[in-house]
Amino acid sequence: MRTWRPILAVAALSLSLAACGSTDTPAETAASAGPWQFTNGNGEVVKADKTPTRIIAHAGEAAALMSFGIKPVGIYADEPVKTDPNLKGLDLTGIEILGEEWGKIDVEKAASLRPDLIVADWWPAEKAHSGLEEGVDEKSKKLKELAPIVGASQGKSILDLAEGYENLAKSLGAKVDAPEIAASKKRFEDALAKFKEATAAKPNLTVLAMSPSDDKVYVANPAYAPELLDFQQWGLKVVNPDTPDPGFPYWENLSWENADKYQPDLILWDGRSYTETANAEWGKKQPTWFAIKAAKAGAVVSWPAYWLHTYGHFATELEKLTTAIKAADENIGS
Amino acid sequence: MRSATVRARRALALGPGLAVLCVILALVAFLSVTLGSRDIGLPEVLRALAGLGGGTAIEDTVTLELRVPRTLLGILVGAALGVAGAILQGVTRNPLADTGIMGVNSGAAACVVLAITVLGVRGVSVYIWFAFAGAILATLLVYAIASLGREGATPVKLALAGAAVTAGMGSLTTGIVMTNVDALNELRFWQVGSLAGRYAPILTGVAPFLIAGLIASLACGRALNGLALGEDVARGLGQRVGLTRAAAFALVAVLAGAATAACGPIVFVGLIVPHLARFICGPDYRWILPYAMLLSPIILLLADVVGRVVAAPGELQVGVVLGVLGAPVFVGIVRYGRLSEA
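Since the structure is predicted, the reported quantities are computational estimates derived from the model, not experimental observations.

1. Here's the deal with unusual backbone geometry
All names here are of chain A.
Here is step 1: Notably, Arg114 is not glycine yet its phi reads approximately 45°, a positive angle.
Here is step 2: Relative to the assigned elements, Arg114 resides in the loop between α2 (107–112) and β6 (117–119).
Here is step 3: Even without glycine at this site, Tyr306 takes up a positive phi of about 60°.
Here is step 4: Looking at where Tyr306 falls in the secondary structure, it is placed in the loop between β15 (300–303) and α9 (311–327).
Here is step 5: On the basis of relative accessibility, which here comes to 7%, the residue Tyr306 falls in the buried class.

Here it is, written out as structure tokens:
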């Protein structure tokens, strides 16, 4: 079931990209000896005698750490690192790739890196860190035996996540006041101001976060999608589905017969499957997709589903959304 | 003389029995069009069916474009799987034979991922042809491998060849999807058998094959009866065993291949229904085949309706419902029923 969070992002098994060409120990923090401690996403305090330096991190978490200058020794991702929205464009030389498919981690290779810390988001809905959820290979879950695991919580806000990783980076000895970090925060603040302005101008605009698939339509439940909670917080009316799947509350599952259950003015389309032509294709393929008036009117925009970790990425996504909101008609769905 | 009267008496009851099944199938089909995950009142459904709805309302779209093709597909696919299962059990004289064992599902999957990775094709309407081709190729491959050697395609060799080809195709598929994300994503559509998301183009695509296969299969009863007596007896009765077997396999390939291409691997129907039919009709394949042809779609459609109603506003795939309901039934048959030898 859990495979549905990265629904369309399931990826190829680590084809052992064997990035072992470069020299060892890319972890740079010459930080003080310790002792070290960090409050994990689940509220527990994790302690160590020495500040960890050899870190294995999940994709987005690794990108967050790298934005503060901390380079992990290994990364496991849910899809190929070339297409992962967090990792694409980053310089990954010297970092061992331990997995490029959800639920599959090469623990043997991970062990050979002798990690002293594993960094992975905490998912409150599943009460597990990324890479240890239900559905992950039992062999891959042995990752947790290698080192303590910490991560910020995929809780109520992406900002909490971003701050959580800033704090973690700080505790690991990174400088968090570098000018480029301040710059991306500033860019985020500007984007946010414009976003709020756009939503305030359209008080009746409702949006629905969706992910159509061949045999059903998934409607996202904002309660378990921090970025959607943020949008709601900032004035955008993201519709809360009324009967999320009890076993996997990230989504409400609608059969294609019920595709038009909600009539939003703008559709936030799961970014993992969004393309420019997706709306037209689904309209042709599924007789009821265009029963959603917003879909018929082409009012769709990509939604950064479950992957944001940094101010910089959030700023970029907010800018795209602001444009769509400005262009949207707040009376389509009514 | 005595057996002749028994047979006559049996035929007397079995004929009307088929008529009763036809009525039940019609009722189930009606349920399948009127019940669903979307709540549509009976008057709206009837109006849509009568073409009075104007064709624009969502109720009309759901009834005519979703439920009607789905129901027709369910009837054809169900019938095809039941008949294919019955023929396979007869021709291999293996009461546990079903289309999955003969490499049909794995062949379809392998061919789809090959088409995605090697030819770069996209779109469900294209995949079904590759799935169909793959299913037929796999079945023919099983038959060809089993035919090697002097005594031809014996039941044991068929079972072994089926297992070998299934394993081979399976590893080919796994090998490809592990290195190709797109192939894996697209393959998900086939991993659980389902009638959802299949509309008119898929129905009209596979219907000719299924209908032709079903009609042809009704002519095999006599030959299967001969094979059921054992090869030597069949040969003694003047049957050309090799030819019969080859023809039966070709039919299975077309029926199961088209069904799997359209809906993915649907379990249990092809395995259980022939046993049910045999339970009702006794060992005569001239009756078993038409009974399987009517019983299977009844069961498949009922399971599909259950899956649509229990999980509203979502749906359960029919493959899942059949798996859940089918396992205990099968245990029951094994435990209490007379699991008659094919």
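2. Overview of the pairing of strand β10 (residues 206–212) of chain A
Residues and elements named next belong to chain A.
Here is step 1: Among the 7 residues that make up β10, 6 are buried, leaving the element largely enclosed by the rest of the structure.
Here is step 2: Of the pairings in the sheet, the one linking β10 to strand β12 (residues 237–238) comprises 2 bridges and is parallel in character. Directly across from Thr206, in β12, lies its bridge partner Lys237.
Here is step 3: Taken together, the 4 bridges between β10 and strand β14 (residues 266–270) define a ladder with parallel strand orientation. Bridging across to β14, Met210 finds its partner in Trp269.
Here is step 4: Across 3 bridges, β10 lies against strand β11 (residues 217–220) in antiparallel orientation. Across the sheet, Ser211 pairs through a bridge with Tyr218, a residue of β11.

3. Some words on the interface of chain A and chain B
Here is step 1: Taken residue by residue, the interface counts 28 residues in chain A and 27 residues in chain B.
Here is step 2: Carbon and sulfur atoms supply 57% of the area buried between chain A and chain B, which totals about 2200 Å² over both sides.
Here is step 3: Our count for the contact surface shared by chain A and chain B stands at 3 salt bridges.
Here is step 4: Two residues, Asp260(A) and Arg38(B), come together in a salt bridge whose shortest N-O distance is 2.6 Å.
Here is step 5: Where chain A touches chain B, the interface holds 8 residue pairs in polar contact (both at pLDDT 80 or more).
Here is step 6: Ranked by residue count, the leading element in the side of chain A that touches chain B is strand β13 (residues 251–254) of chain A, at 3 residues.

4. Looking at the nonpolar core
Here is step 1: Membership of the largest hydrophobic core comes to 92 residues, with the highest contact counts inside it found for Leu73(B), Val77(B), Ile87(B), Leu210(B), Ile266(B), Leu289(B) and Tyr291(B).
Here is step 2: Those residues in contact with Val77(B), other than ones at most four positions away along the chain, are Leu210(B), Ala259(B), Cys263(B), Ile266(B) and Leu300(B).

5. So, the packing of helix α5 (residues 124–147) of chain B against helix α8 (residues 200–217) of chain B
Residues and elements named next belong to chain B.
Here is step 1: Taken N-terminus to C-terminus, the directions of α5 and α8 make an angle of 20°; their axes are 10 Å apart at the nearest point. One element, α5, and the other, α8, form an angle in the roughly parallel class. Seen along the crossing, α5 lies across α8 with a hand that is right-handed. Contacts from Val124, Ile128, Trp129 and Phe132 of α5 reach α8 at Ile202, Gly205, Val206 and Phe209.
Here is step 2: Considering only residue class, the contact of α5 with α8 consists of 7 nonpolar, 1 polar and no charged.

6. Some words on the environment of Phe330(B)
All names here are of chain B.
Here is step 1: Among the secondary structure elements, Phe330 is positioned in helix α14 (residues 318–335).
Here is step 2: Here the alpha-carbon distance between Phe330 and His275, two residues 55 residues apart in the chain, equals 9.5 Å.
Here is step 3: Filtering out sequence-adjacent residues up to four positions away, Phe330 remains in contact with Leu96, Phe268, Leu271 and Ile272.

7. Overview of the packing of aromatic side chains
Each aromatic ring pair is specified by the distance between its two centres and by the angle formed by the two planes.
All names here are of chain A.
Here is step 1: Enumeration over the complete set of coordinates arrives at 23 aromatic pairs over all chains.
Here is step 2: The structure contains a cluster of three or more aromatic residues connected by ring pairs, namely Trp123, Tyr218, Tyr224, Phe248, Tyr250, Trp251, Trp303 and Tyr306.
Here is step 3: Directly above the aromatic system of Trp282 lies the positively charged group of Lys285, at a separation of 4.0 Å from the ring centroid.

8. Brief notes about the UniProt feature "domain: Fe/B12 periplasmic-binding" (unreviewed entry) in chain A
Here is step 1: UniProt tags residues 44–332 of chain A as "domain: Fe/B12 periplasmic-binding" (unreviewed entry).
Here is step 2: Structurally, residues 44–332 of chain A comprises 32% helix and 18% strand, and the distance from its first C-alpha atom to its last is 47 Å.

9. A word on the side chain of Thr322(A)
Residues and elements named next belong to chain A.
Here is step 1: Looking at the secondary structure, you find Thr322 in helix α9.
Here is step 2: By relative accessible area, which is 5% here, Thr322 ends up buried.
Here is step 3: When neighbours within four sequence positions are excluded, Thr322 is seen to be in contact with Ala191, Lys194, Phe195 and Ala198.

10. Re the confidence of the model for chain B
Residues and elements named next belong to chain B.
Here is step 1: With 92% of its residues at a pLDDT of at least 70, chain B reaches an overall mean of 84.
Here is step 2: The least confident element of chain B is helix α7 (residues 181–191), whose mean pLDDT is 70; the most confident is helix α13 (residues 285–310), at 92.
Here is step 3: Across the assembled chains, the prediction reports ipTM 0.75 with pTM 0.78.

11. Looking at the state of the cysteines
All names here are of chain B.
Here is step 1: Enumeration over the complete set of coordinates arrives at 0 disulfides over all chains.
Here is step 2: There is no disulfide at Cys111, and the cysteine sulfur nearest it, in Cys263, is 18 Å away.
Here is step 3: Classification of Cys111 by relative accessible area gives buried; the value is 17%.
Here is step 4: Free cysteine Cys281: the closest other cysteine sulfur is in Cys22, separated by 13 Å.

12. Brief notes about the pattern of salt bridges
Here is step 1: The tally for this structure, following the rule as stated, stands at 19 salt bridges over all chains.
Here is step 2: Between Lys104(A) and Asp137(A) there is a salt bridge, with the nearest N and O atoms lying 3.7 Å from each other. Note that Lys104(A) is positioned in the loop between β5 (96–100) and α2 and Asp137(A) in the loop between β8 (128–129) and α3 (138–141), a separation of 33 residues in sequence.
Here is step 3: Overall, Lys104(A) belongs to the partly exposed group, its relative accessible area being 22%.
Here is step 4: The network of salt bridges with common partners includes Glu257(A), Arg67(B), Arg70(B), Asp304(B), Arg308(B) and Glu315(B).

How each quantity is defined
- Residues numbered from 1 in each chain as written.
- Chains lettered and ligands numbered in written order.
- Predicted model: local features only at pLDDT ≥ 70, side-chain atom pairs only at ≥ 80, totals over all residues.
- Heavy atoms only, no water.
- Helix = DSSP H or I, 4+ residues; strand = E, 2+ residues; numbered from the N terminus.
- Buried < 20%, exposed > 50% of the residue type's maximum accessible area, 1.4 Å probe, protein only.
- Pairing = 2+ DSSP bridges.
- Contact = heavy atoms within 4.5 Å.
- Buried area = accessible area lost by both parts, 1.4 Å probe.
- Salt bridge = Lys/Arg side-chain N within 4 Å of Asp/Glu carboxyl O.
- Polar contact = N/O pair within 3.5 Å; in protein donor to acceptor, adjacent residues only side chain to side chain.
- Core = buried A, V, L, I, M, F, W, Y, C linked by side-chain atoms within 4.5 Å.
- Axes fitted to C-alpha atoms, helices over the stretch in contact; angles between N-to-C directions.
- Parallel < 35°, antiparallel > 145°, perpendicular 65-115°, else oblique.
- Left-handed = near helix turned anticlockwise from the far one by under 90°.
- Nonpolar A, V, L, I, M, F, W, Y, C, P; charged D, E, K, R; others polar.
- Phe/Tyr/Trp six-rings, centres within 6.5 Å; stacked < 30°, edge-to-face > 60°.
- Lys NZ or Arg CZ within 6 Å of the ring centre and 35° of its normal.
- UniProt positions renumbered as here; feature names shortened; annotations may be inferred.
- pLDDT = per-residue confidence, 0-100.
- Disulfide = S-S within 2.5 Å.

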